[in-house]
Amino acid sequence: MKHNPSVSRQENSHPYVGMWVTKDGYIRHELLPNGRYDEARGQRQSAYQGSYVVAGDHIEYVDDTGFTADGDFINGILYHAGMVLYRELNDNQ
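Residues numbered from 1 in each chain as written. Predicted model: local features only at pLDDT ≥ 70, side-chain atom pairs only at ≥ 80, totals over all residues. Heavy atoms only, no water.

> Would you mind going over the nonpolar core in detail, with residue names and values included?
Across soluble globular proteins, you tend to see nonpolar side chains buried next to one another. Among the nonpolar cores identified, the biggest contains 13 residues, and Trp-20, Leu-31, Tyr-52, Ile-59, Tyr-61, Phe-73 and Leu-78 are the most heavily contacted of them. For this core, the secondary-structure elements that each account for two or more residues are β2 (27-31), β4 (44-55), β5 (58-63) and β8 (83-87). (Core = buried A, V, L, I, M, F, W, Y, C linked by side-chain atoms within 4.5 Å. Buried < 20%, exposed > 50% of the residue type's maximum accessible area, 1.4 Å probe, protein only. Helix = DSSP H or I, 4+ residues; strand = E, 2+ residues; numbered from the N terminus.)

What follows is the structure in structure tokens.
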């Protein structure tokens, strides 16, 4: 994926912004509205950070070290790199 900051800004209104977690809560992806993400693993906060772009129901990630990954949102579930993540709802949702 070639990162294009203007695309990230345009995509920030997609419906997938928010926290996504594995069933056991070990992996937590926070998709921020500015096209950045912050991933926690277990007790390690901000284990990975980088940018992402959403096109339709597809997401592409580039972490700050240059590693790339992708995933797909299907029926409200994020399938990413062999993981299954669910939207974490807060009391306001």
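> Give a description of the pairing of strand β7 (residues 77-80) that names residues and reports values.
Judged from the four bridges that link them, strand β6 (residues 68-74) and β7 form a sheet pairing that is antiparallel. Note that in β7 the partner of Phe-73 across the bridge is Leu-78. Hairpin connection of β6 to β7: two residues between the antiparallel strands, including Asn-75 at a positive phi of 50°. Where β7 lies against β8, four bridges are found, and the strand directions are antiparallel. Within β8, the residue paired with Ile-77 across the bridge is Tyr-86. (Pairing = 2+ DSSP bridges.)

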